[in-house]
Amino acid sequence: MFRGSLRTLSLLLITGVLSWSFAQGTLIIAQGTDPTNLDPSLSTDSPSATVSSHIFETLFELTPEGTIEPWLASGYTVSADGLTWTFDIRQGVTFHDGTPLTANEVKASLDRFIDPDNAYTFRFLLTRISEVNVLDTYTVEVKLASQFAPLLAHLTHSSTAIVMTGLDLDETPVGTGPFEFVSWERGQRVDLKRYEGYWAEKPGIEGLRFLAVPESTTRMALVETGEAHVSVRVPPQDIARLNANPNVTVENVSSVRTIYIYFNNTMEPMNDPRVRQAINYAVNKEDIAEFVLGGAVRVSDAPVSPGVFGYTPVGNYDYDPERARALLAEAGYPDGFSTTLYSPNGRYLQDIQISEAIQSQLAEVGIDATIETLEWAAYLAKTNVPAEENEVPLAMLGWGTVTGDADYGLFALFHTSQHVPDGSNRSFYSNSVVDALLDEARSNPDPAVREQLYADAMQIIWDEAAWLFLHSETQLVAVRDNVEGLVIHPTERYLAHKVSLR
Amino acid sequence: MLQYTLRRVLIAIPSILGVMIIVFAMVRLAPGDPAQLLAGEFADAETIELIRERFGLNDSMPRQFTRFVTGVFQGDLGESTRTKRLVTSDLATFFPNTLELALGAIVVALVFGIPAGILASLRPNSPIDLAVMLGALIGVSMPVFWFGLLAILIFSVQLGWFPVAGRGTLRHLVLPALTLGLSSMAIIARMTRSSMLEVLNQDFVRTARAKGLFWRAIVLKHALRNALVPVVTVIGLQFGALLAGAVITETVFTWPGIGSLLVVSILARDYPVVQGAVLLIAVSFIAVNLIVDLVYGFIDPRIRYD
C-alpha cells in the first residue's frame, strides 16, 4: 500500500514536470492577466483580445505597419453618397465546427454587435450602421445612417470579429481563425490548437497556450527558466538582466497608446494657452523617457502615435524653462501658481514616477503641483464630471488608438460635442475650427483629404497645447530565442499566426 | 451535541445577514462605477447607460439589495459585470483552489509548527528553544510576497526543483503552501510551546513522572492532549485566515484562487462577484469555527455541549 502510494506520488511528480514543459510545437505566452471573456465582443482588455484574435477574425485586418487589408471580406465597394457599402465575403472559409462562412453569418454577427440590448462596450464603433442586408451567398450590404469614413478601420477592431452566433462564445468560442479552442482553466491558462481547416496559410505550430501571470517577477522568471516562450510587459528595470540571458531577448515595439496629461481648459489658469504652453516647455520629456522609462517610450510629436492613419508629426515643445517662465509672466503668473496633478498609480508604465518627475520639473518654473493619486475606479469617477463641477486641473491618461484611425484618437478627445460625461473629452477642449475639421475628416471618403484634415486639426491642438504631450508607450516583450515570427502588434496584441519554434 | 450544532447554525444566520448588508453597502460606497470601468476611460454616455441598464445598476438600492438576498436563497448570486459569467460558476472554479492551497498551508504549519513548539517547550531557554523562537519570529515577520519571490528565485529559477508558478500537481503546491503556511507555522509553534510549558508545570505531570512513566509517554499522551485545546483554537482561526488571506500568495504564484479573483473584482467594481466571494469566505469562516468548537469535545471530554 505504501509502495503504491509512493508510485502515485512519483507519477504525479513526473506529470508535474511535463505539464509545464508541454509537447514540442506549442508556443507558451505568459500574459499579465487571464482573459475576462473569450467572446470578442464582451471583453475590452488586451489579454482577451490577444487570445480571441487567434480564434476569431475580422472583416478587415490592420497590419502592424498600419495599413488596412481585406480579410474575411475579400473586397468592397462604396456608393457615391458614401452611405451604402457592399462587402464581398471571402469564399472557402469555414468555422471551426465546419460551417461555411456566408453572408448570413456575417449579417448575424454584425447585427448581434450593434444590438443595444447586448450593450457591448465597443458598440459605438459601428453605431452608424443602420441596417445589414444579405444580397447573395457571398455579398453583404451595409447601410449607414450618415457618412462615416473610418468604417473599415473600425471593422478591423477585434471586438467586431465575425463569430458563430447563437452560442455562448465564452464556453464554446467558434470562429474562423487559425487556432481553435481546446480548454480554459480559469485563472491559469487557455489552450488552443491549430485549426486544420484554416483557409489561409496554416500556423507553423500545433498549439498555443496563454498563461495568466499577474506578478511581473514571476512572469519574467517563467521566460528565464524556459517555462514560457514569451512574457509580456517587461518592467523597464528588468530589461538589462533579461537581455543578459543568452536565450532571451527583450523586444521593444511601439504601441498606439499615447500617454499625456490633460489640462482642464475651462479652469483658471489652465484656460490660458500661454500657461499650457509654458507647462509643455517646462517638462523635459526626453529626460523622463530616458531616466524614468529606461528609453522604452517615444516622445510625442502629435496627439496620436505613429502607426495610426492620419498621424503626422506636428511639432515639439523642446525643454526650455526660460521660455516657460517668460510665458507664465506674460500670462500674469510671474511667480507661478499652485495646482494639483492627478495621477494613476500602476495603470500605465511608471505612471506615478513620471508624475513625480513632472512635479519636480514644474517646481523649477515656480509651479507648485501637489500629486493626488486615486485608485483607478475612483480616478475615472473623479475625472468624468461635467465642467461646472469638475475639480481636476491636470490629470494623466493614456489612450490607445486601437482602430488605427485618427478619428478614434481625436474625435472623442477633442471635439466639443464629446465633453464628459457625454463623451470622452475630459479636457473640455473646444475649438470650432477643430470641430469642423474633425467632422469633415469623419465623413470625407478620400484618404488623402482626410490625412490633410487631421494634420490641420492636430496642428491647432498642438499649438494651443490642449494637453501636456508626453510619449507613446512601447511594448516590452521578453521572447526566447527559439521563437521566430511572433508579431507584436501596435494594438497591444501578440499574434502567433506565423510563429515557428526552432 | 446535535442540538448545540443546530443552535450554532441558527446563530450564524444573523452574522451572515450582517455580512451581506455590510459587503453590499461597502462595495457601493467605494467611489467608481462598474459600468464606467467596463466601458473604459473613453466610453460615451450612451454606452455606459446601456451597460448600467443591462446589469440592473440603475435600480434603486433597496431593489438591488432585495435581488441580492432573494438570489442568495435561490442559489443565484447574479452575473459578473466583468466576465459576464454566473458568479456561482466563477466561485465554484476558484474556491476549491483556495481550499487546496489553504489545506496545503495548514498541513505545512502543523507538521512543522507543533513538533517545533513541543521541542522548544521541553528545554525552555535552551539553544533549541531560542532557535525555534527566533525562527518563529522570522516566520511571523517575513513579508509573504518577499518570501514567495525569494522562494521562486532560489528553488525554481536557480535550483529548478519546483515550477515557477501555476497550479496542477503536488510540486506546484509546495512553494505556495510553504509561503502561505509560514506565518501560521510560526504562530502555531509559539502557541504550542507556551501551552505545553503551562501544562508541563502542572501537578498531574509531576505525578506522572513520580509514578515513573516514560517521559516520552507523558509528553505525547498526557501533556500534549491537554495543551492542544488552545492550539486547536489558533489552528481554526489560522485556517479561516488562510482562506481569506491567500491573496498575495495567490498573486505571486499565479494560483487561481478566490483571493486573486476578489482583488480583480474589487478593482473592476464587480459588485456581484465581490458580494458572492465575501459571503462565501464568511460562511467558510463561520463553518471552520463551528468545526473547531466541536473538535474541542473530542480532545477534552470535559467540555460538554448543552
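Remember, predicted model here, so these are calculated numbers, not experimental data. (Residues numbered from 1 in each chain as written. Chains lettered and ligands numbered in written order. Predicted model: local features only at pLDDT ≥ 70, side-chain atom pairs only at ≥ 80, totals over all residues. Heavy atoms only, no water.)

> Hey, could you go over the nonpolar core for me, with residue numbers and the actual values?
L59, F87 and I358 of chain A are the most contacted members of the largest nonpolar core, which has 105 residues in total. Residues from two domains meet in this core; each of domain 2 (63-160) and domain 3 (254-474) of chain A gives at least three. Excluding residues within four positions of it along the chain, L59 of chain A makes contact with P70, W71, L72, A73, I89, V106, L110, L155 and I162 of chain A. Residues L77, A227, I235 and Y271 of chain B belong to the second largest nonpolar core, which totals 69 residues. (Core = buried A, V, L, I, M, F, W, Y, C linked by side-chain atoms within 4.5 Å. Buried < 20%, exposed > 50% of the residue type's maximum accessible area, 1.4 Å probe, protein only. Domains from an automatic or database assignment. Contact = heavy atoms within 4.5 Å.)

> Lay out the domain arrangement of chain A with the relevant residues and their values.
Residue and element names in this part refer to chain A. Splitting chain A by domain gives domain 1 (6-55 + 177-229 + 482-501), domain 2 (63-160) and domain 3 (254-474). On a C-alpha basis, the centroid separation for the pair domain 2 and domain 3 is 33 Å. Of the roughly 950 Å² buried at the junction of domain 2 and domain 3 (both faces included), carbon and sulfur atoms supply 60%. By the criterion of area lost to domain 3, the three top residues of domain 2 are Q147, A149 and P150, representing 37% of everything that side buries. Counting across the interface, domain 2 meets domain 3 through zero salt bridges. In this assembly, domain 2 and domain 3 are joined by one residue pair in polar contact (both at pLDDT 80 or more). (Buried area = accessible area lost by both parts, 1.4 Å probe. Salt bridge = Lys/Arg side-chain N within 4 Å of Asp/Glu carboxyl O. Polar contact = N/O pair within 3.5 Å; in protein donor to acceptor, adjacent residues only side chain to side chain.)

> Would you mind going over the side chain of S80 of chain B in detail, with residue names and values included?
All names here are of chain B. With respect to the helices and strands, S80 occurs in the loop between α4 (61-73) and α5 (87-122). Among the polar contacts made by the side chain of S80, one reaches the main-chain amide nitrogen of R82 at a distance of 3.1 Å. Setting aside residues up to four positions removed in sequence, S80 forms contacts with F55, R85, V87, D90, D270 and V273. (Helix = DSSP H or I, 4+ residues; strand = E, 2+ residues; numbered from the N terminus.)

> Go over the confidence of the model for chain B, please, and point to the residues and values.
Do not read the predicted coordinates in detail wherever pLDDT is low. Overall, the predicted model of chain B reaches an average pLDDT of 88, with 98% of residues at or above 70. For this predicted complex, the interface confidence score (ipTM) comes to 0.73, while the overall pTM stands at 0.82. (pLDDT = per-residue confidence, 0-100.)

> Which residues make up the packing of aromatic side chains, and what values go with them?
Tallied over the full model, the rule gives 24 aromatic pairs over all chains. With centroids separated by 5.1 Å and ring planes inclined at 80°, the aromatic side chains of Y281 of chain A and Y317 of chain A adopt a geometry described as edge-to-face. One end of the pair, Y281 of chain A, is in helix α7 (residues 273-282); the other, Y317 of chain A, is in the loop between β13 (297-299) and α9 (321-330), with 36 residues separating them in the sequence. With centroids separated by 5.0 Å and ring planes inclined at 70°, the aromatic side chains of F24 of chain B and F65 of chain B adopt a geometry described as edge-to-face. Taken together, the positions of F24 of chain B in helix α1 (residues 2-29) and F65 of chain B in helix α4 put the pair 41 residues apart, joining distant regions of the chain. A relative accessible area of 23% places F65 of chain B in the partly exposed class. Members of the aromatic cluster, connected to one another through ring pairs, are Y260, Y281, Y317, F414, Y429, W462, W467 and F469 of chain A. A cation over an aromatic ring shows up here: R186 of chain A above the ring of W184 of chain A, its NZ or CZ 4.4 Å from the ring centre. Across the ring face of F411 of chain A, the terminal group of R442 of chain A is positioned such that the distance to the ring centre comes to 3.7 Å. (Phe/Tyr/Trp six-rings, centres within 6.5 Å; stacked < 30°, edge-to-face > 60°. Lys NZ or Arg CZ within 6 Å of the ring centre and 35° of its normal.)

> Quick rundown of the interface of chain B and chain A? Include the residues and the values.
The interface is formed by 45 residues belonging to chain B together with 55 residues belonging to chain A. Between chain B and chain A lies a buried interface of about 4000 Å² when both sides are counted; carbon and sulfur atoms form 61% of it. The partner of R269 of chain B in a salt bridge is E375 of chain A, and the shortest N-O contact between them spans 2.6 Å. Where chain B meets chain A, there are ten residue pairs in polar contact (both at pLDDT 80 or more). Broken down by element, the side of chain B that touches chain A gets its largest block of residues, seven residues, from helix α3 (residues 45-54) of chain B. Residues of the side of chain B that touches chain A, tallied by class, amount to 21 nonpolar, 13 polar and eleven charged. (Nonpolar A, V, L, I, M, F, W, Y, C, P; charged D, E, K, R; others polar.)

> Talk me through α1 of chain B; I want residue IDs and the actual numbers.
Residue and element names in this part refer to chain B. Counted at 1.5 Å a residue, the expected span for α1 with its 28 residues is 40 Å, and the 41 Å between its end C-alpha atoms agrees. When we look at burial in α1, the residues that qualify are Y4, T5, A12, M20, V23, F24, V27 and R28. Here the buried face of α1 lies against α4 and α13 (271-299). (Expected span 1.5 Å × (residues − 1).)

> So what about helix α12 (residues 406-414) of chain A? Which residues, and what values?
Residue and element names in this part refer to chain A. Within α12, nine of the nine residues are buried, leaving the element largely enclosed by the surrounding structure. Looking at the buried side of α12, the elements it contacts are α4 (151-154), β12 (248-263), β16 (394-400), α13 (432-443), α14 (447-463) and β17 (467-480). Where α12 begins, the side chain of D405 points an oxygen toward the backbone nitrogen of D407, at a separation of 2.9 Å.

> Describe the environment of I358 of chain A, with residues and values.
Residues and elements named next belong to chain A. Locating I358 in the fold gives a position in helix α10 (residues 351-364). Overall, the relative accessible area of 1% leaves I358 in the buried class. Along the primary structure I358 and D301 are separated by 57 residues, whereas in three dimensions their C-alpha atoms are 18 Å apart. With near-sequence residues (within four places) excluded, I358 lies in contact with I261, V283, I288, L341, L468 and L470.

> Before we move on, can you summarise the sheet that holds strand β5 (residues 84-89) of chain A with the specific residues and values?
Residues and elements named next belong to chain A. Judged by pairing direction, the sheet is antiparallel, and its four strands sit side by side in the order β4-β5-β7-β6 without closing on themselves. Edge positions in the open sheet fall to β4 (73-78) and β6 (129-136), since each of these has one partner strand only. Across this sheet, the average inter-strand angle for adjacent strands is 20°, counted without regard to direction. Pairing of β6 with strand β7 (residues 139-144) involves six bridges; the strand directions are antiparallel. Pairing of E131 across the sheet is with K143, part of β7. Set on the sheet, helix α3 (residues 103-114) makes contact with β5, β6 and β7; between it and β6 the angle comes to about 170°. (Pairing = 2+ DSSP bridges. Axes fitted to C-alpha atoms, helices over the stretch in contact; angles between N-to-C directions.)

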